[in-house]
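Analysis of the macromolecular model
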Amino acid sequence: MMTEKETATEKIITDAMANPSPAKSMGDPGITPLSPSHTQQNDTDQVPSGPSFVVVVAIDFGTTSSGYAYAFTKEPECIHTMRRWEGGDPGVSNQKTPTTILLTPDRKFHSFGYAARDFYHDLDPSESKHWLYLEKFKMKLHTTANLSIDTDLHAANGKRVKALDIFAYALAFFKEQALKELSDQTGGEFDNNDVRWVITVPAIWKMPAKQFMREAAYKSGLVSRENPEQLIIALEPEAASIYCRKLRLHQMVDLGTHSTQNGNSPTDNVGGGMTQVSPGHAKEHVRRNRQSRTFLVENVIGELWSELEEGDRYVVVDCGGGTVDLTVHQIRLPEGHLKELYKASGGPYGSIGIDYEFEKLLCRIFGQDFIDQFKIKRPAAWVDLMIAFESRKRAAAPDRSNPLNINLPFSFIDYYKKFRGHSVEHALRKSNVDFVKWSSQGMLRMSPDAMNSLFKSTIDHIIQHLTELFEKPEVSDIKFLFLVGGFAESPLLQHAVQDMLQGRSRIIIPHDVGLTILKGAVLFGLDPSIIKVRRAPLTYGVGVLNRFVDGKHPPEKLLVKDGTRWCTDVFDTFIAADQSVALGEMVKRSYTPAKPSQQVIVIHVYCSEKEKAGFISEPGVRKCGTLRLDVSGTESAAPRREIQTLMQFGDTEIRAMAVDVSTGRTVKASIDFLSH
């Protein structure tokens, strides 16, 4: 009777303690460091080469547009971009397809890209409201704070769908397209096992979003869980950086140099201080290149690169549809490996911000209630209106003087009259928005200033970010700034970056700026070890028990077990945020069970955005993985059983492993950011 009562009181005590101490409430006997073991081991030379692949296919899954490119490992200098797509918009080049997806009313995959958009558009409004159409959904992975496997997305008709399903459908579509094209190229059924897949993600994405992409790839059948190394998650600005190293002078536009290049004097002055590299030659080259989908990446290091010396620094600004990513790299010779100098920064300042501003403008003119209603009731017409806006958005330039006309779909005009009882023209006249007029041809006529003002907040964010980055001590004397990503084509953005830099570094824009990331991702897949040093995005460690020291440890962390006084919840750091990590670097620690008779040893892995963490109970520390090592039925010869814990860093993913030294038993875990 006595014992039962004892356990009851003990339970009450542990429950009362549960809040300040996660470890006690988990009831783990726990592990404790085996004293002189904190070693760091650099196995950077033996990076496993892994299985050999016949081809590398990279998928650039963008916020606004997507595409793929590939290269055969036998001819790595030939990068092929995907076949032309049916459909397409005026004024938008067709190497990539819009990131839009259509599901049937019973939630089966129907189509992707232009095909999805056109089919959806042609549906009768009474039908289209049952179909599920999604666009610009990639941003959800960046903006969702507690992303999980169950995160939802909203289709255009307001219905909810599982984000994981949508991403998996999209990847399955690309897998099918690419394998079809490869089969046609090689004249036989192409085997998916011969493909190394690369998917690009923004560098500023948090770990859960990167892992989410991998989960979607498993679900789509792109690769299997048994072969994780068949898929590489590449960081978009790193891919861009790898491609930019290969640039020759005729493959880029150099803003702000007035020098003579290739013997031609710069006669074509595009906007103040912008020089088109050898105008005649470059234009001819671009014309030729548009016909061909195969790009020769010369195996030499580009001429531009030859100006860079050991230790030189450059910034890659990747401006996409959803996010803007800034990365700072430094050259390491002789092979020209890259070293990341400052952890990736940026934010959700991509070109869709301009679409939102346009939507806000429409709300000011026609009323939020009408716009919300119109989007749900006439979703296909809303998509049309945004497409019309997209092509005008691309025509915005700092020195433009003539107005931009945007076609209003007939059903917009019609529905507005039904909704409000007066005409669109009337609404424009009585709205206080004086820089948007109604033209007799049934168009919205925007003054260039009106259009430019839609860009302002997005561009201001980017410039503010760049300004802050350039003030960091690690970011002094930057030789080049590479402007890449689809949004980099915007003359307004180019102009703003030039103004901000005031000639501090040369701005380089590759010609095929929207495909830069795709091609770099292929090069990265062919040689993933090219990026040698990264900065750790988070602080990682494990929860351990230390011997309790009075005066040093907080009394609420005291745990007495079998007469030994322990301090619980100690965060034993493996690597700190923003520390340099070499590719494939292993950090090894040795622990011993706090209680020698333990049958199962459980090691919890924690992470935090702060550089220093003392206890796993501190705010901001979260559990991101668990290693369970079963040591039952085995005897340890040593008086204290040694459990080695290894963490490998450097890839976009992190792996953890525990080894029972006396028996050689091992257990592996990949760190899970989605379910804790």
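The preceding data block contains the structure.
Calculation criteria
- Residues numbered from 1 in each chain as written.
- Predicted model: local features only at pLDDT ≥ 70, side-chain atom pairs only at ≥ 80, totals over all residues.
- Heavy atoms only, no water.
- Salt bridge = Lys/Arg side-chain N within 4 Å of Asp/Glu carboxyl O.
- Helix = DSSP H or I, 4+ residues; strand = E, 2+ residues; numbered from the N terminus.
- Buried < 20%, exposed > 50% of the residue type's maximum accessible area, 1.4 Å probe, protein only.
- Pairing = 2+ DSSP bridges.
- Axes fitted to C-alpha atoms, helices over the stretch in contact; angles between N-to-C directions.
- Contact = heavy atoms within 4.5 Å.
- Disulfide = S-S within 2.5 Å.
- Left-handed = near helix turned anticlockwise from the far one by under 90°.
- Nonpolar A, V, L, I, M, F, W, Y, C, P; charged D, E, K, R; others polar.
- Expected span 1.5 Å × (residues − 1).
- Bend = angle between axes of the 7 residues up to and from the residue.
- Polar contact = N/O pair within 3.5 Å; in protein donor to acceptor, adjacent residues only side chain to side chain.

1. With respect to the pattern of salt bridges
- Considering all chains together, one arrives at 20 salt bridges under this definition.
- A salt bridge links E236 to K138; its shortest N-O distance comes to 3.0 Å. On the criterion of sequence distance, the pair formed by E236 in helix α8 (residues 236-244) and K138 in the loop between β9 (132-135) and α5 (139-143) is long-range, its members being 98 residues apart. For the residue pair E236 and K138, the accessibility class agrees, reading buried in each case.
- Close ionic contact of K360 with E357 constitutes a salt bridge, the shortest N to O distance being 3.1 Å. In this pair, K360 and E357 are both assigned in helix α11 (residues 352-366), three residues apart and thus about one turn of the helix distant.
- Accessibility expressed as a relative area gives 52% for K360, which makes it exposed.
- One network of salt bridges, in which partners are shared, links K136, D355, E390, K393, R394 and E489.

2. With respect to the sheet that holds strand β26 (residues 539-547)
- Taking strand neighbours across the sheet as the criterion, the five strands line up as β27-β28-β26-β31-β32 in an open arrangement whose pairing is antiparallel. Where the open sheet ends on each side, the last strands, each with one partner, are β27 (558-561) and β32 (622-630). For this sheet, the mean angle separating the axes of adjacent strands, direction not counted, is 35 degrees.
- Note that strand β31 (residues 600-608) and β32 share eight bridges and pair antiparallel. Across the sheet, I603 pairs through a bridge with L627, a residue of β32.

3. Details of the sheet that holds strand β20 (residues 404-407)
- What the three strands build is an open sheet, ordered β20-β22-β21; its pairing is antiparallel. Strands at the two margins of the open sheet, each flanked by one partner only, are β20 and β21 (436-439). Each strand axis lies, on average, 30 degrees off the axis of its neighbour in the sheet, ignoring direction.
- Bridge count for β21 against strand β22 (residues 443-446) is four bridges, and the pairing is antiparallel. Within β22, the residue paired with V436 across the bridge is M446.

4. Some remarks on the environment of F366
- If you trace the backbone, F366 turns up in helix α11.
- Residue classification places F366 among the buried residues on the basis of a relative accessible area of 1%.
- Remark: the alpha-carbon pair of F366 and S431, spanning 65 residues in sequence, is separated by 8.1 Å.
- For F366, the residues in contact, after removing those within four places along its chain, are I371, F412, Y416, R420, V424, A427, L428 and L444.

5. Quick look at the state of the cysteines
- A complete count under the given rule lists zero disulfides for this structure.
- Here C607 stays free of any disulfide, with the sulfur of C624 as its closest cysteine sulfur at 3.7 Å.

6. A word on the packing of helix α6 (residues 163-186) against helix α7 (residues 207-220)
- Interhelical geometry of α6 versus α7 gives an angle of 60 degrees and a closest axis separation of 8 Å. Seen along the crossing, α6 lies across α7 with a hand that is right-handed. Residues A163, L164, D165, F167, A168, L171 and A172 of α6 pack against F212, M213, E215, A216, A217, K219 and S220 of α7.
- Within the contact of α6 with α7, the residues separate by chemical class into 10 nonpolar, one polar and three charged.

7. Notes on helix α16 (residues 448-471)
- Taking 1.5 Å per residue as the helical rise, α16 with its 24 residues ought to reach 34 Å, and the 33 Å between its terminal C-alpha atoms agrees with that figure.
- Helix geometry: α16 is bent most strongly at K456, by close to 40 degrees.

8. Concerning the side chain of S590
- Here S590 lies in strand β30 (residues 586-593).
- The class of S590 is buried, set by a relative accessible area of 5%.
- One polar contact links S590 to E642, side chain to side chain, over a distance of 2.6 Å.

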